[in-house]
Amino acid sequence: MDYWQLSGKRFVVMGVANRKSVAYMIGKSLEANGALVEYVVRSQKRKDEVSKLFPNAPIWICDVEDQQQIDSLAVDLANNSQAIQGFVHSIAFADYSDGMKAFHETTRKQFLQAIDISCFSLVAVSNAIKGLLTQDASVVTIGISTTKMASESYGFMAPVKAALDSSLAFLSKSFSRFSKIRFNAVGAGLLKTSASAGIPGYVDAYLFAEKAIPRGSGVTTQEVADTVVFLLSPRSSGITSQTIVVDAGMSTNYFDQAIISKVSGQ
């Protein structure tokens, strides 16, 4: 029984890096439900790596900082006559090469590059492939569980993700002029991914999250992927312009007695 109604439908997943990435889990879950999945990566090196994970799937190259490559991606995807039922945007980048600094010390170059790759790319790619999407397609991006808490371990990325969240409503509105395409996000809690491991201080924040989560264990990439698959499916047709938080209840349990006792020394 095809409960999710995904079998035989075409999806494009952007952002697979390795087996630990959310995009990888999304792709595997879609394929397990009979979907036809194509992948988009940023370089030939990454394509060579991802081809080992998905040896039978089409893999396209697109550096989203280059508009010409985005346009070329649309042409490549158009060579397949089957319309695209869903698009997953699972990419983000912030330059922390100089270490983690106070937010007010963020450079213009750092911030604008992060906005370009992590937020504007959703707008640019969606616009480029709009003619390839079905009338009721679903577009899903990966956000974070909260953009209003000043987590020092996340640097200047939270304001960038806030812009990504806001863009959902505007994309849904502008696309509604010619379609019923939905735009949503999954606001993931702290995850064990290769990308997050490279953020200074992130591991300590993740260990705290495990203590703050009521069940005592962190959110998994599979849990995030499962929510994305739901949003891609027709079963979520009534949801648009939303960010669904997947944090295992962390935000409801910051004042857990065990944490308070540890801090107060009681």
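Residues numbered from 1 in each chain as written. Predicted model: local features only at pLDDT ≥ 70, side-chain atom pairs only at ≥ 80, totals over all residues. Heavy atoms only, no water.

Peer 1: Would you explain the pairing of strand E2 (residues 36–41) in this entry?
Peer 2: Strand residues, when the strand is regular, have side chains that alternate between the two faces of the sheet. Burial analysis of E2 places five of its six residues in the buried class, the great majority of the element. In terms of strand pairing, strand E1 (residues 10–14) meets E2 through five bridges, oriented parallel. Along E2, the bridge assignment pairs Arg 10 with Leu 36. In terms of strand pairing, E2 meets strand E3 (residues 59–61) through three bridges, oriented parallel. Counterpart to Val 40 in the pairing with E3 is Trp 60. Running through helix H2 (residues 44–53), the crossover from E2 to the neighbouring parallel element E3 is right-handed. (Buried < 20%, exposed > 50% of the residue type's maximum accessible area, 1.4 Å probe, protein only. Helix = DSSP H or I, 4+ residues; strand = E, 2+ residues; numbered from the N terminus. Pairing = 2+ DSSP bridges. Right-handed = clockwise from strand over helix to strand, strands pointing away.)

Peer 1: Honestly, the side chain of Ser 21 in this entry has me stumped. Any pointers?
Peer 2: Structurally, the position occupied by Ser 21 is in the loop between E1 and helix H1 (22–32). The buried category is assigned to Ser 21, whose relative accessible area is 9%. A polar contact is formed between the side chain of Ser 21 and the backbone nitrogen of Ala 17, at a distance of 3.3 Å. (Polar contact = N/O pair within 3.5 Å; in protein donor to acceptor, adjacent residues only side chain to side chain.)

Peer 1: Hey, could you run me through the environment of Met 14 in this one?
Peer 2: Looking at the element boundaries, Met 14 is found in strand E1. For the pair Met 14 and His 89, spaced 75 residues apart in sequence, the C-alpha to C-alpha distance is 5.3 Å.

Peer 1: Got a minute to help me understand the packing of helix H4 (residues 108–129) against helix H5 (residues 157–175) in this structure?
Peer 2: Two quantities define a packed helix pair, namely the angle between the helix axes and the distance between the axes. With their axes 10 Å apart at the nearest point, H4 and H5 run at an angle of 20 degrees to one another. One way to sum up the angle between H4 and H5 is to call them roughly parallel. Considering the relative orientation of H4 and H5, their crossing is right-handed. Listed contacts from H5 to Phe 111, Ala 114, Ile 115, Ser 118, Cys 119, Leu 122, Val 123, Ser 126 and Asn 127 of H4 are Met 157, Pro 159, Val 160, Ala 163, Leu 164, Ser 167, Leu 168, Leu 171 and Phe 175. Taken together, the residues that form the contact of H4 with H5 break down as 14 nonpolar, four polar and no charged. (Axes fitted to C-alpha atoms, helices over the stretch in contact; angles between N-to-C directions. Parallel < 35°, antiparallel > 145°, perpendicular 65-115°, else oblique. Left-handed = near helix turned anticlockwise from the far one by under 90°. Contact = heavy atoms within 4.5 Å. Nonpolar A, V, L, I, M, F, W, Y, C, P; charged D, E, K, R; others polar.)

Peer 1: What am I meant to see in the sheet that holds strand E5 (residues 133–144) here?
Peer 2: Either a parallel or an antiparallel arrangement is found when strands of a sheet pair, and the pairing is made through backbone hydrogen bonds. The parallel open sheet is built from seven strands, whose spatial order is E3-E2-E1-E4-E5-E6-E7. Every other strand in the sheet has two partners, leaving E3 and strand E7 (243–246) as the edge strands with one partner each. Looking at each pair of strands side by side, their axes are set apart by 20 degrees on average, direction ignored. Strands E1, E2, E3 and strand E4 (84–89) of the sheet are contacted by helix H3 (residues 67–78), whose axis makes an angle of about 155 degrees with E3. In the packing of H5 onto the sheet, the strands contacted are E4, E5, strand E6 (182–188) and E7, and the crossing angle to E5 comes to about 165 degrees.

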